[in-house]
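Summary of structural features
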Amino acid sequence: MSAPLVIANEEHRFLVVEQFRQMGRQASAIILEPIGRNTAPAVALAALKAWNHKGHEEHKEEPFLLVLAADHVIKDVAAFHQAVEAALPAARDGKLVTFGIVPTHPETGYGYIKASKELIGNSEQAALVENFVEKPNLETAQGYLASGDYYWNSGMFLFKASRYLEELNKFRPDILEACEKAIAIQNADLDFVRLDEVAFKACPDESIDYAVMEKTTDAVVVPLDAGWSDVGSWTSLADICDKDESGNSVQGDVLLQDTRNTYVRSEKKLIATVGVDDLVITESDDAILVAHKDRVQDVKKIVDRLKAENRTEVKLHRKVYRPWGAYDSIDMGERFQVKRITVKPGAQLSLQMHYHRAEHWIVVKGTALITNGDEEILLTENQSTYIPIGTVHRLENPGKFDLELIEVQSGGYLGEDDIVRFEDTYGRT
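Let me sum up the structure you'll find in this document. (Residues numbered from 1 in each chain as written. Predicted model: local features only at pLDDT ≥ 70, side-chain atom pairs only at ≥ 80, totals over all residues. Heavy atoms only, no water.)

Through backbone hydrogen bonds, the strands of a sheet pair up, either in parallel or in antiparallel fashion. Reading across the sheet, the 6 strands line up as β19-β20-β21-β28-β23-β26 and stay open at both edges, with antiparallel pairing between neighbours. Sheet topology places β19 (319-322) and β26 (384-387) at the edges, where each strand pairs with a single neighbour. The mean inter-strand angle of the sheet, taken between neighbouring strand axes irrespective of direction, is 20°. Sheet topology places strand β23 (residues 357-365) next to β26; 4 bridges connect them, and they run antiparallel. In the strand pairing of β26, W361 is matched with T385. (Pairing = 2+ DSSP bridges. Helix = DSSP H or I, 4+ residues; strand = E, 2+ residues; numbered from the N terminus. Axes fitted to C-alpha atoms, helices over the stretch in contact; angles between N-to-C directions.)

What follows is the structure in structure tokens.
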């Protein structure tokens, strides 16, 4: 396996980099989409990038793509590896392989794949796909489970990059053309590959299933029984978590009294429950959600209402990741805002100034090297500095551990766009 190639939205770029840092891994590339256009274009970008990156003319074997969603859970990694090995011969023969999850119950939240009785070549597992079917009602799902011919559609694939591009060109040449134009004018930005925004926004929004897999005659399914979940809802998250003798799953500061089959997640506050069943209760810095397990899919209706009412919760999180670290908005009022800032070892913010706000910085952990106008100062725990409006300044962590400080902003305008950058390690303007 080569290093992962990641397709992500621009807004998630620093979160992706931070998670790679935590894993001690590096991506071969991180392609940033200026706007979401579903999985068919995303996989096309990956195929085009992998094909060019591999330098296929100099290699005996062209690149294969193992297409995985970032939010899936696979508990039995060995079984997953075995399924990938079983899929490779078919992929080498030019087939487009999808992994069908062996169903454990009549699930109505997944699409299904019907496998034919015909196996591919000498394979004992890879079978031709007879058809893809939409999410069924309960009675239909029970029939699928009883037949033994149906699998859950995992949305995971294995195929040659060239074969996917050939089939996409056959069935949706408009998607391929838009992706080719978007990636042809790519701009390198640190660890990121930025696409041409105009070209990619012109790309149709389509899933890989609709665009290619349901149309091609070369679709093959390999069964996968590896403790898979797409973690598509709070209920599915609860299902994969450890449970107590009453069926409860908890994270954080939680007290349960006469509570059964309930998922409770707390980030900061104590949550206590009394006499409840089958609930999902989650607390974060932004909001609290209480829902019956049977109704968690309806959280989408809440999101629609937040959008309709133009609420900030649907657009912004309290904790925001940046290439140098992160900041958490602790408090805000008229003419002031308080943030907790974390700067990674060796990282620095841009040399900058603000027209409308002054800032107080108080170090609570680590060491800060601060440019404050013409002065350069070194601050340690419990020391502080004041930066007046219009003063050029910079924050840097020269140490080997995270730097944490409290920033108090005051002024007539506190928006993130009140910033003039003079120098920036990360190429921002």
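The next subject is helix α4 (residues 138-147). Between the side-chain oxygen of the N-cap and the backbone nitrogen of E139 there are 3.3 Å, and the N-cap of α4 in question is N137. Phi turns positive, to about 80°, at G148, one or two residues after α4. (Polar contact = N/O pair within 3.5 Å; in protein donor to acceptor, adjacent residues only side chain to side chain.)

We now examine the packing of helix α5 (residues 161-171) against helix α6 (residues 173-184). Relative orientation of the contacting elements α5 and α6 amounts to 120°, with a least axis distance of 5 Å. Relative to α6, α5 is oriented oblique. For the pair formed by α5 and α6, the contact residues are L165, L168, N169, K170 and F171 on the first element and P173, I175 and L176 on the second. Residue composition of the contact of α5 with α6, by class: 6 nonpolar, 1 polar and 1 charged. (Parallel < 35°, antiparallel > 145°, perpendicular 65-115°, else oblique. Contact = heavy atoms within 4.5 Å. Nonpolar A, V, L, I, M, F, W, Y, C, P; charged D, E, K, R; others polar.)

So, on to the side chain of E33. For E33, the position within the fold is in strand β2 (residues 29-33). Buried and without a salt bridge, E33 has R37 as its closest oppositely charged side chain, separated by 8.5 Å. For E33, the contacting residues outside a window of four places in its chain are I7, A8, N9, E10, A42, L45, L195 and F200. (Buried < 20%, exposed > 50% of the residue type's maximum accessible area, 1.4 Å probe, protein only. Lys, Arg positive; Asp, Glu negative; His and termini not counted. Salt bridge = Lys/Arg side-chain N within 4 Å of Asp/Glu carboxyl O.)

We now examine the pairing of strand β21 (residues 336-343). Sheet topology places strand β20 (residues 325-333) next to β21; 8 bridges connect them, and they run antiparallel. Note that in β21 the partner of A326 across the bridge is T342. Linking β20 to β21, which pair antiparallel, is a turn of 2 residues; within it R335 sits at a positive phi near 70°. Note: β21 against strand β28 (residues 403-411), 8 bridges, orientation antiparallel. Bridged to R340 within β28 is I406.

Under the counting rule described, the total for this entry stands at 24 salt bridges. A salt bridge links R172 to D174; the nearest nitrogen and oxygen atoms lie 2.9 Å apart. You can call R172 buried: its relative accessible area is 18%. Classification of D174 by relative accessible area gives partly exposed; the value is 33%. The residue E416 makes a salt bridge to K339 at a minimum N-O spacing of 2.3 Å. Within this pair, whereas E416 is found in the loop between β28 and β29 (420-423), its partner K339 is found in strand β21, the two being separated by 77 residues in sequence. For K339, a relative accessible area of 4% puts it in the buried group.

All right, on to the sheet that holds strand β17 (residues 279-283) then. Here we have 4 strands laid out as an open sheet, ordered β13-β15-β17-β18, and mixed in their pairing. For this open sheet the edge positions go to β13 (249-251) and β18 (288-292), each flanked by a neighbour on one side alone. Averaged over all adjacent pairs, the angle separating strand axes in this sheet is 5°, with direction ignored. Of the pairings in the sheet, the one linking β13 to strand β15 (residues 263-266) comprises 3 bridges and is parallel in character. Of the residues in β15, the one forming a bridge with Q251 is R265.

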